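Per-entry structural report
The lines below spell out each chain.
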Protein chains: 2
Amino acid sequence: MNGGESLVRTLVGGGINVCFANPGTSEMHFVAALDRVDGMRCVLGLFEGVVTGAADGYFRMSENPAATLLHLGPGYANGAANIHNANKASSGMINIVGDHATYHRQYDAPLTSDIETLVRPNSHWVKTSPNAMSVAADGAAAIVAARTPPGQIATLILPADTAWNDGSGPVPVPAAPKREPAPAAAIEDCAKALRSGEPCMLLLTGRALREDGLALAGQICAKTGAKLMAQGSNARTHRGRGRVFLERVPYVVDQALGVLGGLKHIILVGARMPVAFFAYPNKPSLLHPEDCRPHVLCQLDEEPIGALEALAQAVGATGTPAPVVNDPRPELATGKIEPMALGRSLGALLPENAIVVDEAVTTGRGFFAPTKAAAPHDWLSNMGGSIGLGMPLATGAAVACPDRKVVCLEGDGSGMYTLQALWTQAREGLDVTTLVFSNRTYQILKGELANVGAGNPGRKALDMLDLGNPDLDWVGLAKAMGVPGAKVTTMEEFNRRCAEGLGSSGPYLIEVVL
Amino acid sequence: MNGGESLVRTLVGGGINVCFANPGTSEMHFVAALDRVDGMRCVLGLFEGVVTGAADGYFRMSENPAATLLHLGPGYANGAANIHNANKASSGMINIVGDHATYHRQYDAPLTSDIETLVRPNSHWVKTSPNAMSVAADGAAAIVAARTPPGQIATLILPADTAWNDGSGPVPVPAAPKREPAPAAAIEDCAKALRSGEPCMLLLTGRALREDGLALAGQICAKTGAKLMAQGSNARTHRGRGRVFLERVPYVVDQALGVLGGLKHIILVGARMPVAFFAYPNKPSLLHPEDCRPHVLCQLDEEPIGALEALAQAVGATGTPAPVVNDPRPELATGKIEPMALGRSLGALLPENAIVVDEAVTTGRGFFAPTKAAAPHDWLSNMGGSIGLGMPLATGAAVACPDRKVVCLEGDGSGMYTLQALWTQAREGLDVTTLVFSNRTYQILKGELANVGAGNPGRKALDMLDLGNPDLDWVGLAKAMGVPGAKVTTMEEFNRRCAEGLGSSGPYLIEVVL
């Protein structure tokens, strides 16, 4: 059995069952091994940013890493922006990057590059397999690394001859480390802050944003009067009717300063103290008041539920009812298309157990409030800020959860980065309804130009921020990749087409003209 | 004057007049400065791979670097594959990569990344500007680096506050180093090899592939009986009627071994000894016979014309007529679409002075012979092997040469990587006719699977190599981005549509169904 097959069998034996792939010559023995081994679903992406963003979405929903298969340094580089995003979301993934045969690298053939240097900034674990006998064991180590809490990026570089020479056969994969409980002193410190009578906030991210964590945080805040918020963006949040609602720290600095103003204590549940997404002249980078103190309840890689339980107990909140959302489902909005109307209709239409992928950027900033009382759903955000994640993330989430509807909220500027994801959705018949908010501009940058004090844009600056001339035809793009769709210009059309997309199975795209 | 404007004025003053851009918040002061400074054409790409590939095409045709404007580490990463290609083509470019304000980086906001490490593998020159007073001087140094022969990648990292704080004003840009002449001893060594009577070959790349270099090489070979070839891929080759014709070292290892078999001397004119693009089990990496010796006439960064003149003189070839192509223009091919027929029709239809961008991969491998007697033209290849270069390269070449027709030969698999280039072509009204060879497969990989001895592919492996299910509609994709086009299924249709595209001005796309 060659090294390639030894690796594939190790992956499958270790419970890695999906490989998002865009292979090349140096990966052909790995690809050939896939034919001989059952238990690995292979999903082709026509661009590597699709592959890596899908692996991120897959991990967020399945809590198990997928493998990616990438073609040397440039193939990795094409996927690197979404690996950056996955890294910031603490998603686990196992990148298998082919390389030239060990003896061939010295000749500097065209595709030669310094892969290890390239991958290091976004990988927790990196190894170049030295030979075919080592590949399976290296793969097992990569799995353990990827599963190490809260989830890590493991990158295994596979010279072609380590795949085609005789390998070791599969090796067993050891268990990954478990999450540690938060230290007792941390719980006591946080309880003391909550009991101080001074203004407090619980700031959550990570696993604490699932139903059980939210309920505990809700009890604690109901009992103590502390504020409850989530980080500005989060890998996965349980939301909707019957669950505790929480807002996010706003993106806009002045809004964030307003929300955090007056606080004396922030209790960090996996979260970090809020900082501005970007720096702006004469505005602070740190968003909390100067005399506000951080209290770490648990780190992101520690177990938050136990920590919240202990904290609830320490402040006597155990019997307190959590303030869950009981409002009626919102009504469909009508008339002119505008962000709040879209939020309301979305809240009305979201099916039970939907997975919402949010890369709506400016259009979607206010969607949290109007979707508060929607049917229970998961909300996935872009945590690394590199646009082009949405449609790939939706693709991976749909692969992980074939029985759930995925709703992808996408900006037109962001969507164009990785539009090839639509083809993968068509090929795999994935149940994704994509809403492209077509404002025909990098709208966020028009605001940012003012925020950084760069003055009123002239013609040349505006041309750099403007997606019009010519307008993109998103329905045409989708159709050309096998995804049906419709363009809408009123809320009535939106409601009808959105219901149509959500009611069908398989991919569908709606271009929402703003 | 702030740092951003100081930099823009330095660039313009230093003769940098085109900026391919995909900016974000951290680059807004640079963008705003563009409004206040004349002389910089800004071209927006909707994905960074378009931006960097365009800069490569611009350099190859104008021999002057363009600037690129990229958004932090992930923005750079999205453009990195085509920077890899530009690096291998020795194209000069000045990458301006925004970063967080110097004081903001410590807070690890979402878009924070280790940009210097990321850019180093593909940059000859890297600097992070420490403050606004330094930016203009750093920009001047980047220009010099980019112009250093044969052309280099310079990457200037620009923290946001170095753009918005008070800068130095523009600084003058010193002249870049000139190409050195080849050493006399090198010419004598090569002349001796040519006079030995043993089988010799002249292997050319770089500037030697322009009309004057080809004529001199043609004289030398006519006089001495040496073979004449070009590297497997080359940044820019002068071709067509009235010029000396040369073939390339084949991609397929066995063919290359055949072509190079029996040689005792290879005279390297900017070129390196040929190596296999990939390694294959039981095949050599080095393609020349064991007893064949290399002789460096000139390095890639040295002056090849003077070296070839001196060599011609040394072997007494000065008066010898160069064997230029005098064949009649080929006739249009008819009937079934197949690679050689496409090559013949292309040879018949290419307009005078066209720029051919070749990322046709498998379909185009045999195009050199049938286009030998086409009207004089330039031929640009992908030298780094990372697919997704073609349409961006064509975009940049068209910006550099608005009076010449650009013909882009593109594989469907390669084209999907950076299809956003079509939108830029539409917006800028660029005169590019794109031929997408739609074989609905990564055809090259089917061959490679066999070449690496991975056996016959089964269903799962084939699915990873297959672009069908669903078929891509290239005409639909182009139309949705503002580029008209047509699909053709016979050579008669091809001839008609190709003439239509070449006869129009502005972008046009033909999907050639194979």
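Scanning chain A from N- to C-terminus turns up 19 helices and 20 strands. Against the globule reference of 24 Å for 514 residues, chain A gives a C-alpha radius of gyration of 24 Å, in line with a compact fold. With respect to the three principal axes, the spread of C-alpha positions in chain A is 65 × 60 × 45 Å. Counting every position in chain A, which comprises 514 residues, the buried fraction comes to 64%.

All names here are of chain B. Strand order in the open sheet made by the six strands is β2-β1-β3-β4-β6-β5, with parallel pairing throughout. The open sheet has two free edges, formed respectively by β2 (41-44) and β5 (125-128), since each of these has just one partner strand. Pairs of neighbouring strands in the sheet enclose a mean axial angle of 20°, with direction left out of account. The pairing of strand β1 (residues 18-21) with β2 spans four bridges and is parallel. Considered in β2, the bridge of Cys 19 is made with Cys 42. Along the sheet face, helix α6 (residues 132-147) touches β4 (93-99), β5 and β6 (153-159) and points at about 165° away from the line of β6.

Sheet faces and side chains relate simply in a regular strand, where the side chains alternate between the two faces. Residues and elements named next belong to chain B. A two-sided burial pattern is seen for β1, the buried positions comprising Val 18 and Phe 20 on one face and Cys 19 and Ala 21 on the other. Once the chain exits β1 it traverses helix α2 (residues 28-36) before rejoining the sheet at β2, and the crossover so formed is right-handed. Here β1 runs beside strand β3 (residues 66-71); their pairing, made up of three bridges, is parallel. Its bridge partner lying in β3, Cys 19 is registered against Ala 67.

A separate point is the nonpolar core. Of all hydrophobic cores here, the largest spans 380 residues; its most connected members are Ala 217, Val 269 and Leu 297 of chain A together with Ala 217, Val 269 and Leu 297 of chain B. The dominant element in this core, judged by the number of residues it contributes, is α6 of chain B, at nine residues. If we skip the residues at most four places from it in the chain, Val 269 of chain A touches Leu 202, Leu 203, Leu 204, Ala 208, Ala 217, Leu 297, Cys 298, Pro 304 and Leu 308 of chain A.

All names here are of chain A. Domain boundaries assigned for chain A yield domain 1 (3-164), domain 2 (180-314) and domain 3 (339-513). The centre of domain 1, based on its C-alpha atoms, is set 35 Å off from the matching centre of domain 2. In this assembly, six residues from domain 1 lie in contact with five residues from domain 2.

Let us now look at the environment of Gly 45 of chain B. Residues and elements named next belong to chain B. Tracing the sequence through the fold places Gly 45 in the loop between β2 and α3 (48-62). Under the C-beta neighbour-count criterion, Gly 45 is labelled buried, with 30 such atoms within 10 Å. Remark: the alpha-carbon pair of Gly 45 and Asp 108, spanning 63 residues in sequence, is separated by 28 Å.

Residue and element names in this part refer to chain B. Here α3 crosses helix α13 (residues 390-400) at 45°, and the two axes come no closer than 6 Å. For the element pair α3 / α13, the angle class is oblique. As α3 packs across α13, the resulting crossing turns out to be right-handed. Between α3 and α13, the residues in contact are Gly 49, Val 50, Gly 53, Ala 54, Ala 55, Asp 56, Gly 57, Tyr 58, Arg 60, Met 61 and Ser 62 and Pro 392, Leu 393, Ala 394, Thr 395, Gly 396, Ala 397, Val 399 and Ala 400, respectively.

The transformation that overlays chain A on chain B combines an axial shift of 0.0 Å with a rotation of 180°, and the residual RMSD is 0.0 Å. The transformation just described matches what one would write down for a two-fold rotation axis. Of the interface residues in chain A, 100% have counterparts in chain B that sit at the interface too, so the contact is made through matching surfaces.

On to helix α6 (residues 135-147) of chain A. All names here are of chain A. Here α6 spans 18 Å end to end across 13 residues, near enough to the 18 Å set by a 1.5 Å rise per residue. Of all 13 residues making up α6, eleven are buried, and the element is well covered by its neighbours. Within α6, burial applies to Val 135, Ala 136, Ala 137, Asp 138, Gly 139, Ala 140, Ala 142, Ile 143, Ala 145, Ala 146 and Arg 147. On its buried face, α6 is in contact with α1 (3-13), β4 (93-99), β5 (125-128), β6 (153-159) and α7 (160-164).

What counts and how
- Within every chain, residues take consecutive numbers counted from 1 along the sequence as written.
- As they are written, the chains are lettered A onward and the ligands numbered 1 onward, keeping that order.
- Totals for whole chains, interfaces and linings use all residues, but because this is a predicted model, local features are given only for residues with pLDDT of at least 70 and pairs of side-chain atoms are given and counted only at 80 or more.
- We count a stretch as a helix when DSSP gives it H or I for four or more residues in a row; a strand needs E for two or more, and each element gets its number in order from the N terminus.
- Only C-alpha atoms enter the radius of gyration; for comparison, a globular chain is expected to reach 2.2 Å times N to the power 0.38, where N is the number of residues.
- Once C-beta atoms are placed from the backbone, each residue is buried if 20 or more other C-beta atoms lie within 10 Å of its own, exposed if 12 or fewer, and partly exposed for counts between those two.
- Being paired, for any two strands, means DSSP has found at least two bridges between them.
- As a rule, the C-alpha atoms of each element are fitted with a line to give its axis, helices using only the stretch in contact, and angles between N-to-C directions run from 0 to 180 degrees.
- Two residues form a contact once the distance between their C-beta atoms, set from the backbone, is within 7 Å.
- Look down the strands so they point away from you; if the path from the first strand over the helix to the second goes clockwise, the crossover is right-handed.
- In these notes, a nonpolar core means any group of buried Ala, Val, Leu, Ile, Met, Phe, Trp, Tyr and Cys residues linked to one another through C-beta atoms within 7 Å.
- For the domains described, the bounds stem from an automatic or database domain assignment.
- Angle categories: roughly parallel below 35 degrees, roughly antiparallel above 145, roughly perpendicular from 65 to 115, and oblique for all the rest.
- For any pair of crossing helices, the crossing counts as left-handed if the nearer helix is rotated counterclockwise from the farther one by less than a right angle, and right-handed if it is rotated clockwise.
- In superposing the copies, a least-squares fit is computed on C-alpha atoms, taking residues whose pLDDT is at least 70 in both.
- A helix is expected to reach a length of 1.5 Å times the quantity of its residues less one.

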